[in-house]
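A structural walkthrough
Each chain, written out:
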Amino acid sequence: MASEGLDRRAVVARLLAGDERLPVVLGLGATTWDAAAAGDHPLQFGLWGAMGSAVAIGLGVALARPDRRVLVITGDGEMLMGLGSLATVAAERPANLAVVVIDNERYGETGMQETHTARGVDLAGVAEAAGFPIVRRVADQAALEAAAALIRAAEGPVFLAIKVGTEPLPLVLPPRDGVLLKDRFREALLGHR
Amino acid sequence: MTQTGGGGTDWSAGAHRALSGLGVGIVGYVPDAGLSRLITLCQADNRMRSVPLTTEEEGIALAAGAWLGGMPATVFMQSSGVGNIVNALAMMQTCRFPLVMLVTMRGELGEANEWQIPMGQAAAEVLRLAAVDVHRPERAEDIADTVAAAATTAFRALRREAVLIPQRIVGIKRFAGAGSGE
């Protein structure tokens, strides 16, 4: 049952922690709040809209900056809206991109309605079938530790599907000004706007 | 597939030169017969990464991500694709991301497929409603300059710019016999 899954805030904080800050794209909306709870940072581009776009935005960053590891963290509902982008990523095979789905089997922003993953749709299976060379299903702390290392080191693209619980959590919101989010990301990554 | 029209001007080469000259390094596209030569030119350019998309909406997000990574990008699509990108354009406006799109038109004078007409007729207005500046060079020889100007405005003034290529220039698609479908 999803409510027995990992703590999503602890999972996202663990994935973001490391020696090097990774450029991160966060999907609308709970994963954006999760990253803010772990600590707001200019290299965290958190979406407040454009549902279904997180993976394709991450692909753009990864292709523009092959010298950097790039991370996308999004939810199951957001991922389901952009399944085609998994095929596009697999076709491009950016070795520096990792896609992580925080799967609580719910649309958390709209009343916790069940998503397709609650009815058995296997997002990791979709990524495998698309051709991601590295795919992991994560449901416990040991698997999380092993998978977290892949994000920073493996020859990707990497796909992680992480089952998390459904406990209600306090909203922790990053800035919502899109121009600010874009400009500060570029400044942190490129040194200019 | 049979195409008519197009005239003698190689607008595809001009558009490619214009984009390449402004440092466009990533090209997202959903193919159209009218775009096939331009796509081939971009694929052959080792300074450009050509990315086939499953839907045009991905291309808008790809261009946003490319800009976040410091790389100017462009997106090619047929006019039907304009209907697939509207919510992604809202992000581009909200964040003031630059965007330059080339849209080959269907559904115009001479169209033989009724299903192409509603979106073709609505495309320019849909783009304007989504705060995209729309340019429509009516002569093939004006396309390269229009693309260069639109891309300059996109990347320097951080605007969303679309260049619509009229169906009269890309050619009317003919449906001649079995197996000639979309």
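Use the structure listed above.
In short, a report on the structure. (Residues numbered from 1 in each chain as written. Chains lettered and ligands numbered in written order. Predicted model: local features only at pLDDT ≥ 70, side-chain atom pairs only at ≥ 80, totals over all residues. Heavy atoms only, no water.)

Quick look at the pairing of strand β4 (residues 97–103) of chain A now. Residue and element names in this part refer to chain A. The buried count for β4 comes to 7 of 7 residues, which makes it a mostly enclosed element. The alternating pattern of β4 places L97, V99, V101 and D103 and A98, V100 and I102 on opposite faces, both of which are buried. Strand direction decides the pairing type here: strand β3 (residues 70–75) and β4, joined by 6 bridges, are parallel. Directly across from G75, in β4, lies its bridge partner I102. Relative to strand β8 (residues 158–163), β4 runs parallel, the two sharing 6 bridges. Residue pairing for β8: V100 is matched across the bridge by L160. (Buried < 20%, exposed > 50% of the residue type's maximum accessible area, 1.4 Å probe, protein only. Helix = DSSP H or I, 4+ residues; strand = E, 2+ residues; numbered from the N terminus. Pairing = 2+ DSSP bridges.)

Each pair of packed helices can be described by the angle between their axes along with the distance between the axes. Residue and element names in this part refer to chain A. At a minimum axis distance of 9 Å, the contact between helix α1 (residues 8–16) and helix α2 (residues 30–38) shows a crossing angle of 65°. For the element pair α1 / α2, the angle class is roughly perpendicular. Crossing geometry of α1 relative to α2 is assigned as right-handed. Touching R8, R9, V12, A13 and L16 of α1 are A30, T31, W33, D34, A35, A37 and A38, all from α2. Across the contact of α1 with α2, the residue classes break down as 8 nonpolar, 1 polar and 3 charged. (Axes fitted to C-alpha atoms, helices over the stretch in contact; angles between N-to-C directions. Parallel < 35°, antiparallel > 145°, perpendicular 65-115°, else oblique. Left-handed = near helix turned anticlockwise from the far one by under 90°. Contact = heavy atoms within 4.5 Å. Nonpolar A, V, L, I, M, F, W, Y, C, P; charged D, E, K, R; others polar.)

With that settled, the discussion passes to the sheet that holds strand β7 (residues 134–138) of chain A. All names here are of chain A. The strand order across the open sheet built from 6 strands is β2-β1-β3-β4-β8-β7, with neighbouring strands paired in parallel fashion. Unpaired on one side and paired on the other, β2 (44–46) and β7 mark the two borders of the sheet. With direction set aside, neighbouring strand axes in the sheet form an average angle of 15°. Sheet contacts for helix α6 (residues 123–130): β4, β7 and β8; angle to β7, the most-contacted strand, approximately 170°.

All names here are of chain B. As summarised here, the arrangement of the 6 strands in space is β3-β2-β4-β5-β7-β6, forming an open sheet in which the pairing is parallel. In the strand order of this sheet, the two ends are held by β3 (49–52) and β6 (133–135), each with one partner. Across the sheet, the mean angle from the axis of one strand to that of its neighbour is 20°, orientation sign disregarded. Judged from the 4 bridges that link them, strand β2 (residues 26–29) and β3 form a sheet pairing that is parallel. Among the inter-strand pairings, G28 is bridged to a residue of β3, identified as V51. Set on the sheet, helix α3 (residues 56–68) makes contact with β2, β3, β4 (73–78) and β5 (99–104); between it and β4 the angle comes to about 170°.

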